[in-house]
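Residue-level structure breakdown
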Amino acid sequence: MPAVHVINGPNLNLLGAREPSVYGAATLDDIKARMAELCAARGVDLVFRQSNHEGDLVDWIQEAGRAGAPVILNAGAYTHTSIALHDAIKGAGATVIEVHLSNVHARESFRHHSFISPVARGVIAGFGAASYVLAFAALFDEEPRKI
Ligand code: DQA
């Protein structure tokens, strides 16, 4: 079984400090620790990354595609702007679950459109850090457990 790749986009390095009323109190390290636990329990490796740079995200999606690895992707604001990420997912043939901490559909209208959703296996939004846990559960078709 290839590693699970969790890819995080811009500003997600600030989780915990960034608008906690929107994004919650969990830091990216907290989320990483929870994903590591879930992967260890499943006996799969975890590749957990964050970048503020669009091209890094493209490279990592391509890498996951080459490895045949599933991706849990929170592309942050690039969700709403990036044709490059859309093309990367399509081109890499990677299985991608799109996640968001916040319910983007209950927020500003510019967050309602996603370039990721049409090429994602599914979308999970609005459950805070648990969105990642739910995505993991969806990948492995198991009963979710809150972070
Ligand atoms: C986000 C939602 C995006 O609209 C926003 O730009 C983010 C985080 C989320 O996880 O809720 O950076 O992807």
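The present account deals with the structure reproduced in this document. All figures in this text were calculated on a predicted structure; none of them were measured in a lab.

The next subject is the packing of aromatic side chains. For the structure shown, the criterion picks out 1 aromatic pair. Seen from their ring centres, Phe136 and Phe140 are 4.7 Å apart, and the 40 degrees between their planes marks the pair as tilted. With a gap of 4 residues between them, Phe136 and Phe140 both fall in helix α5 (residues 130–140), about one helical turn apart.

Moving on, we come to the nonpolar core. Counting residues in each nonpolar core, the largest one holds 23 residues, and the members touching the most others are Val4, Ile31, Met35, Ile72, Tyr132 and Phe136. Listing elements by their share of this core, those giving two or more residues are β1 (4–8), α2 (28–42), β4 (96–100) and α5. Every residue in contact with Tyr132, bar those within four places of it in the chain, is listed here: Val6, Asn8, Leu12, Ile31, Met35, Ile72, Asn74, Val99 and Leu101. Formed by 19 residues, the second largest nonpolar core is a distinct cluster that contains Leu57, Ile61, Ala64 and Ala69.

This brings us to the packing of α2 against α5. At a closest axis distance of 10 Å, the pairing of α2 and α5 adopts a crossing angle of 20 degrees. Relative to α5, α2 is oriented roughly parallel. The interaxial crossing formed by α2 with α5 has right-handed handedness. On α5, the residues touching Ile31, Arg34, Met35, Leu38, Cys39 and Arg42 of α2 are Tyr132, Val133, Phe136 and Phe140. Looking at side-chain class alone, the contact of α2 with α5 contains 8 nonpolar, no polar and 2 charged residues.

Analysis parameters
Residues numbered from 1 in each chain as written. Predicted model: local features only at pLDDT ≥ 70, side-chain atom pairs only at ≥ 80, totals over all residues. Heavy atoms only, no water. Phe/Tyr/Trp six-rings, centres within 6.5 Å; stacked < 30°, edge-to-face > 60°. Helix = DSSP H or I, 4+ residues; strand = E, 2+ residues; numbered from the N terminus. Core = buried A, V, L, I, M, F, W, Y, C linked by side-chain atoms within 4.5 Å. Buried < 20%, exposed > 50% of the residue type's maximum accessible area, 1.4 Å probe, protein only. Contact = heavy atoms within 4.5 Å. Axes fitted to C-alpha atoms, helices over the stretch in contact; angles between N-to-C directions. Parallel < 35°, antiparallel > 145°, perpendicular 65-115°, else oblique. Left-handed = near helix turned anticlockwise from the far one by under 90°. Nonpolar A, V, L, I, M, F, W, Y, C, P; charged D, E, K, R; others polar.

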